[in-house]
Amino acid sequence: MIRTAATTGLVWLGIFGAVLAQEKASWNVRDHQPIEEFVVQAHRGAGELSEENTLEAFELGWSLNCIPEADVRTTKDGVIVAFHDANFARVVKDVTPELAKQGVKDLTLDQLRKLDVGSWKGTSFEGRQTPTLAEVFALMRKDPSRRLYLDWKDADLPQLAALVKKEQVESQVIFASTLYPKLREWKKLSPQSQTLLWMRGDDAGLEKRFEELRATDFADVTQLQIHVHLTKPADQIERIDANPFEESDAFLIARGDELRKHGILFQTLPYGGASEAIYLKLLDLGFMSFATDHPHVTWSAVKAFYAE
């Protein structure tokens with residue numbers, strides 16, 4: 001094709017139009033927070049790099065400069081442990097049909113210890129056990145820089161708060177739930193710990209959740225996480241894309257601006273895949289923190305963003 005001034009102008013107009021399509025926040029974390037303070041939450045311990053909710057997974061998460069997440073449940077004999085699912089169907093090796101329908105609440109700690117919760121991930125994870133939270137907290141006492149997200153599933157809050165205080169890790173834990181009243185209850189029991197409220201939904205549904213928070217002036221929330229959902233495969237999303245998530249760019253930017261006015265850490269967990277481009281896009285939208293199943297990819301994108 002012979003390129004005339006007119007066609008060249010059209011080419012540049014197309015490029016300029018693509019740039020305009022990318023909505024970016026006026027605020028970015030790089031200008032306000034050193035990378036040493038950037039928070040990456042490792043989902044269920046170390047994300048895809050390990051089995052979930054074991055001492056080994058948490059150790060790996062800490063070694064990757066992440067804050068691991070532990071899911072909190074209670075055994076039949078009243079011991080608080082780290083386990084995500086409501087039953088054993090997915091993560092227990094050689095699970096029987098009867099046991100597959102049961103969960104942590106149906107077994108004593110001794111019975112739970114006999115279950116292999118690592119082999120589903122691979123032979124190198126064989127034989128790993130469900131830990132008590134007291135055992136996890138003991139690892140944290142060795143290093144005050146270690147922190148842990150506690151994602152509440154099924155535990156008595158006064159009992160959990162008492163354990164946190166007994167193990168002297170109150171300032172190292174971040175209590176997480178999708179239930180705002182639970183966060184408020186927790187903050188009364190453990191005022192020195194932080195909180196994370198997480199939520200998901202479309203713009204309208206998320207806006208209703210924010211209306212609940214505005215009514216209390218965001219009381220007792222120190223971190224807030226929005227799950228974003230990809231609208232196409234991860235490898236097809238470019239940083240410059242407009243609205244590549246089910247949640248609109250404009251809505252996410254506005255919520256970030258609002259949360260920062262209240263001193264709340266704005267975190268996201270992208271669902272549907274991972275790539276550096278996705279995390280760079282989210283940083284452009286004003287997010288301050290990530291929860292992730294892909295720690296290496298996440299940190300690579302964060303380091304690239306700070307290096308720009």
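Definitions and cut-offs
- Residues numbered from 1 in each chain as written.
- Predicted model: local features only at pLDDT ≥ 70, side-chain atom pairs only at ≥ 80, totals over all residues.
- Heavy atoms only, no water.
- Core = buried A, V, L, I, M, F, W, Y, C linked by side-chain atoms within 4.5 Å.
- Buried < 20%, exposed > 50% of the residue type's maximum accessible area, 1.4 Å probe, protein only.
- Contact = heavy atoms within 4.5 Å.
- Axes fitted to C-alpha atoms, helices over the stretch in contact; angles between N-to-C directions.
- Helix = DSSP H or I, 4+ residues; strand = E, 2+ residues; numbered from the N terminus.
- Parallel < 35°, antiparallel > 145°, perpendicular 65-115°, else oblique.
- Left-handed = near helix turned anticlockwise from the far one by under 90°.
- Nonpolar A, V, L, I, M, F, W, Y, C, P; charged D, E, K, R; others polar.
- Salt bridge = Lys/Arg side-chain N within 4 Å of Asp/Glu carboxyl O.
- UniProt positions renumbered as here; feature names shortened; annotations may be inferred.
- Lys, Arg positive; Asp, Glu negative; His and termini not counted.
- Polar contact = N/O pair within 3.5 Å; in protein donor to acceptor, adjacent residues only side chain to side chain.
- Pairing = 2+ DSSP bridges.
- Right-handed = clockwise from strand over helix to strand, strands pointing away.

- In the annotation of an unreviewed UniProt entry, the entry for the protein reads GP-PDE domain-containing protein, and the organism field reads Blastopirellula sediminis.

Focus: the nonpolar core
Then step 1. Ranked by internal contacts, the top residues of the largest apolar core, which has 76 residues, are F38, L133, F137, L150, L224 and I226.
Then step 2. With sequence-adjacent residues up to four places away left out, L133 is seen in contact with A70, V72, I80, V81, A82, L150, L160 and L163.

Comments concerning the packing of helix 5 (residues 133-141) against helix 6 (residues 157-166)
Then step 1. Interhelical geometry of helix 5 versus helix 6 gives an angle of 30 degrees and a closest axis separation of 10 Å. What the angle tells us is that helix 5 and helix 6 run roughly parallel. Helix 6 is crossed by helix 5, and the crossing has right-handed handedness. Every residue of helix 6 that contacts helix 5 at L133, A134 and F137 is listed here: L160, L163 and V164.
Then step 2. Along the lines of polarity and charge, the residues of the contact of helix 5 with helix 6 split into six nonpolar, no polar and no charged.

Topic: the pattern of salt bridges
Then step 1. Throughout the structure, instances matching the rule amount to 25 salt bridges.
Then step 2. For R30, the salt bridge identified is with D31, shortest N-O distance 3.9 Å.
Then step 3. Residue classification places R30 among the partly exposed positions, given a relative accessible area of 24%.
Then step 4. A salt bridge links R44 to E52; its shortest N-O distance comes to 3.0 Å.

Re the UniProt feature "domain: GP-PDE" (unreviewed entry) in the protein
Then step 1. Under the present numbering, the feature "domain: GP-PDE" (unreviewed entry) in UniProt falls on residues 38-302.
Then step 2. From the first C-alpha to the last, residues 38-302 spans 9 Å; its make-up is 34% helix and 18% strand.

A look at the side chain of R73
Then step 1. Mapped onto the secondary structure, R73 falls in strand 2 (residues 67-74).
Then step 2. Salt bridges are absent for the buried R73, whose nearest opposite-charge side chain, D154, sits at 5.0 Å.
Then step 3. A polar side-chain atom of R73 sits 3.4 Å from the main-chain carbonyl oxygen of F83.
Then step 4. A polar contact is formed between the side chain of R73 and the backbone oxygen of D85, at a distance of 3.0 Å.

Concerning the pairing of strand 8 (residues 265-271)
Then step 1. When you tally the buried positions in strand 8, you get six out of seven residues, the bulk of the element.
Then step 2. By the bridge criterion, seven bridges tie strand 7 (residues 223-229) to strand 8 in an arrangement that is parallel. Following the sheet pairing, Q225 is matched in strand 8 by Q267.
Then step 3. Assessed by its sense of winding, the connection that carries the chain from strand 7 through helix 9 (residues 249-261) to strand 8 is right-handed.
Then step 4. Sheet topology note: the strand 8/strand 9 (residues 289-292) ladder contains two bridges and is parallel. If you follow T268 over to strand 9, its bridge partner there is F290.

Concerning the packing of helix 10 (residues 276-284) against helix 11 (residues 295-307)
A pair of packed helices is characterised by two quantities: the angle between their axes and the separation of those axes.
Then step 1. Between helix 10 and helix 11, the shortest axis-to-axis distance is 9 Å and the interhelical angle comes to 50 degrees. As judged from the angle between their axes, helix 10 and helix 11 are oblique. The two elements helix 10 and helix 11 meet at a crossing, and its hand is right-handed. Here helix 10 contributes E276, Y279, L280, L283 and D284 to the contact with helix 11, which in turn contributes V297, T298, S300, A301, V302, A304 and F305.
Then step 2. Of the residues that constitute the contact of helix 10 with helix 11, the class distribution is eight nonpolar, two polar and two charged.

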